[in-house]
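A closer look at the structure
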Amino acid sequence: MNKIPERLRLLRKGKKLYQKDMVNLLNITERQYNSYEAGKVDLGVSKLIFLADYFDVSLDYLVGRSDNSGRL
């Protein structure tokens, strides 16, 4: 099961960000971001790394391989 959409939504809401904020952050269209959060399209590796760094979590957490966010 793809946990990326669920984790992405959880992290975004945890920072009180809107989808529009993520669109601006990633420099993509709203439609593209909606597709990521809906699990219809996979994020590329560079975007996954960027988001893990931005949210200060491990890649394993972001992609659902671990429930440990890696936050200190």
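Numbers given to residues run from 1 along each chain, matching the order in which its sequence is written. Residue-level local features of this predicted model are given only where pLDDT is at least 70; pairs of side-chain atoms are given and counted only at 80 or more, and the full residue set underlies all totals for whole chains, interfaces and linings. Side-chain metrics rest on all non-hydrogen atoms present in the structure, leaving aside hydrogens and water.

**Notes on the overall build of the protein chain**
Rules: Labels follow the DSSP assignment, with helices taken as runs of H or I lasting at least four residues and strands as runs of E lasting at least two, numbered in each case from the N terminus. The reference for a compact globule is 2.2 Å times residues^0.38; the radius of gyration itself is calculated from the C-alpha atoms. Think of it in three bands: residues with accessible area under 20% of the maximum for their type are buried, residues over 50% are exposed, and the middle band is partly exposed, with areas taken using a 1.4 Å probe on protein chains only. Contact definition: two residues touch when any of their heavy atoms are within 4.5 Å. Only the protein chains shown count as cover for residues, and all accessible areas are computed by the Shrake-Rupley method using a 1.4 Å probe.
Scanning the protein chain from terminus to terminus reveals five helices and zero strands. When the helices and strands of the protein chain are listed from N to C terminus, the series reads α-α-α-α-α. On C-alpha atoms alone, the protein chain measures out to a radius of gyration of 11 Å, which is about the 11 Å that the 2.2 N^0.38 rule sets for 72 residues. Per-residue burial for the protein chain yields a buried fraction of 33% across its 72 residues. Looking at the protein chain alone, contacts between residues at least 24 apart form 51% of all its contacts between residues at least 6 apart. Of the accessible surface of the protein chain, which amounts to about 4,900 Å², a share of 49% is contributed by carbon and sulfur atoms.

**Focus on the confidence of the model for the protein chain**
To keep it simple, the criterion reads: Confidence per residue, as judged by the predictor, is encoded in pLDDT with a range of 0 to 100.
Mean pLDDT over the protein chain stands at 92; residues scoring 70 or higher make up 94%. Confidence, read as mean pLDDT per element, is least for helix α5 (residues 59-63) in the protein chain (93) and greatest for helix α2 (residues 19-26) (96).

**Remarks on the packing of α2 against helix α4 (residues 45-55)**
Packed helix pairs are characterised by how far apart their axes lie and by the angle those axes make with each other. Selection criterion: Axis angles are defined between N-to-C directions and span 0 to 180 degrees, where every axis is a line fitted to C-alpha atoms and, for a helix, only to the segment in contact. Here the angle decides the label: under 35 degrees means roughly parallel, over 145 means roughly antiparallel, 65 to 115 means roughly perpendicular, and every other value means oblique. Put simply, a crossing is left-handed when the front helix is turned counterclockwise from the back one by less than a right angle, and right-handed when it is turned clockwise. All residues other than Ala, Val, Leu, Ile, Met, Phe, Trp, Tyr, Cys, Pro, Asp, Glu, Lys and Arg, Gly among them, are scored as polar; the first ten of these are nonpolar and the last four charged.
Two numbers describe how α2 lies on α4: the axes approach to 12 Å, and their chain directions differ by 120°. For the element pair α2 / α4, the angle class is oblique. Once α2 is placed against α4, the crossing between them reads as right-handed. Residues Met22, Leu25 and Leu26 of α2 form the contact with α4, whose own contacting residues are Lys47, Phe50, Leu51, Tyr54 and Phe55. Residue composition of the contact of α2 with α4, grouped by class: seven nonpolar, no polar and one charged.

**Section: helix α3 (residues 30-38)**
Taken residue by residue, α3 has Tyr33, Ser35, Tyr36 and Glu37 as its buried positions. On its buried face, α3 is in contact with α1 (4-14), α2 and α4.

**Details of the nonpolar core**
Our working rule: As used in this record, nonpolar core signifies buried Ala, Val, Leu, Ile, Met, Phe, Trp, Tyr and Cys residues forming a set joined through side-chain atoms within 4.5 Å.
Core analysis: the largest hydrophobic core is formed by 18 residues, its most contacted members being Leu8, Met22, Tyr33, Leu43, Leu51 and Phe55. Elements supplying a minimum of two residues to this core: α1, α2, α3, α4 and α5. A total of four residues in this core trace back to one element, the largest contributor, which is α4. Discounting residues that sit within four places of it in the chain, Leu43 has contacts with Ile4, Leu8, Tyr36, Leu48 and Leu51.

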